[in-house]
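# Reading the structure
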Amino acid sequence: MAKVHLLNVAVHNNPATFFTPFQFEIQFECLEELQDDLEFKIIYVGSAETVEFDQTLDQIVVDAVPKGQFKFMFQADPPDISKIPADDAVGVTVVLITASYRQQEFVRVGYYVNNEYEDQEMKDNPPAEPQFDKLMRQIAADQPRVTKFKINWDSANASAEASNECGGAAQDTEMVEDQSNNGLLKNSELSQEKTNINTNEGLIFEQ
């Protein structure tokens, strides 16, 4: 049974210019106190053809999370344009939010991202070299996709054991969206939900 449930992801700064930082407000629940850290990442997919151009925009380590519901704002700078193939700069790509425990990814949230020129003439006749400062970024906030992975939550050697037991099995579910920190995120920087919340309400994906 999973010890952490992702309850909600709210997309901020959307739509925005290409160089505007990404902002996601993340809410999650720990069903019991965790012995190790949680790690969250924001990954920008530079090309649909290969993972070679994927960029980790930022990552946060949340230390020793107690039982309860929490939320925090996750902000990341835009991708390094020198690492994006020119042919993939304009059009649809993906941004991912991943959550891991003991180096095991247990949930992944993906959003389609459309980068296009705001000027109609540039839309009709795009320049040979992408002009990133002219691009607008639109995240499909109402169409996120969640993939959940079965992991070993208890063993200190969890990563290797989960790989052997699970064989990479994953479950995809639809998610309905209701609307940076660097390095270590202390518990004091988390906003804990003090009220009793019915966990069957307002979930971003089916349990």
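To keep things clear, this report deals only with the structure shown in the data block.

About the thresholds
- Residues numbered from 1 in each chain as written.
- Predicted model: local features only at pLDDT ≥ 70, side-chain atom pairs only at ≥ 80, totals over all residues.
- Heavy atoms only, no water.
- Buried < 20%, exposed > 50% of the residue type's maximum accessible area, 1.4 Å probe, protein only.
- Helix = DSSP H or I, 4+ residues; strand = E, 2+ residues; numbered from the N terminus.
- Pairing = 2+ DSSP bridges.
- Phe/Tyr/Trp six-rings, centres within 6.5 Å; stacked < 30°, edge-to-face > 60°.
- Core = buried A, V, L, I, M, F, W, Y, C linked by side-chain atoms within 4.5 Å.
- Contact = heavy atoms within 4.5 Å.
- Salt bridge = Lys/Arg side-chain N within 4 Å of Asp/Glu carboxyl O.
- 1 Å grid on protein atoms, 1.4 Å probe; cavity = no way out; pocket = protein on both sides within 12 Å on 5 of 7 lines; lining within 4 Å.
- Points joined across faces, edges and corners; volume = space filled by probe spheres on them.
- Nonpolar A, V, L, I, M, F, W, Y, C, P; charged D, E, K, R; others polar.

Extensive coverage of strand β4 (residues 38-45) is indicated by the burial of six of its eight residues. Pairing of β4 with strand β5 (residues 55-62), which is carried by seven bridges, proceeds in the antiparallel orientation. Along β5, the bridge assignment pairs F40 with I60. Two strands pair when backbone bridges link them, and β4 and strand β7 (residues 91-101) are joined in this way by eight bridges, in the antiparallel orientation. When the bridges of β7 are listed, K41 appears paired with T98.

Inspection of the entire model under this criterion finds 12 aromatic pairs. Centroid distance F28 to F40: 5.6 Å. Interplanar angle 45°. Geometry classified as tilted. Of this pair, F28 sits in strand β3 (residues 22-30) while F40 sits in strand β4; the two residues are 12 residues apart in sequence, bridging distant segments of the chain. The pair formed by F28 and F40 is uniform in burial state, with each residue classed as buried. Their ring planes at 50° and their centres at 6.1 Å tell us that F72 and F74 sit as a pair that is tilted. F72 sits in the buried class, given a relative accessible area of 4%.

This part is about the nonpolar core. Ranked by internal contacts, the top residues of the largest apolar core, which has 43 residues, are F24, F28, L38, F40, F106 and Y111. Taken together, the elements giving at least two residues each to this core come down to β1 (4-12), β3, β4, β5, β6 (68-76), β7, β8 (104-117) and β9 (135-139). A per-element tally of this core places β8 first, with six residues. Residue contacts for F106: discarding those within four places in its chain leaves V4, L38, A99, S100, Y101, T147, K148, F149, I151 and W153.

Between N14 and P15 the backbone carries a cis peptide bond, its omega angle lying at -5°. Looking at the element boundaries, P15 is found in the loop between β1 and β2 (16-17). Despite not being glycine, R102 has its phi angle at roughly 55°, a positive value. With respect to the helices and strands, R102 occurs in the loop between β7 and β8.

This paragraph deals with the pattern of salt bridges. Scanning the model with the defined rule gives six salt bridges in all. The residue D154 makes a salt bridge to K3 at a minimum N-O spacing of 2.6 Å. Of this pair, D154 sits in the loop between β10 (145-149) and α2 (158-166) while K3 is found in the segment before β1, placing the two residues 151 residues apart along the sequence. Its salt-bridge partner being K123, residue E116 comes within 3.8 Å of it at the nearest N-O pair. For K123, a relative accessible area of 37% puts it in the partly exposed group. One salt-bridge network, held together by shared partners, links K3, E32 and D154.

Take a probe with the size of a water molecule and roll it over the atoms, and the empty space left behind shows itself. Considered as a void within the structure, the largest cavity measures approximately 40 Å³ in volume. Lining the largest cavity, in full, are L6, I26, F40, I97, T98, A99, V107 and V109. For the lining of the largest cavity, the elements supplying multiple residues, two or more each, are β7 and β8. Within the lining of the largest cavity, the residues separate by chemical class into seven nonpolar, one polar and no charged.

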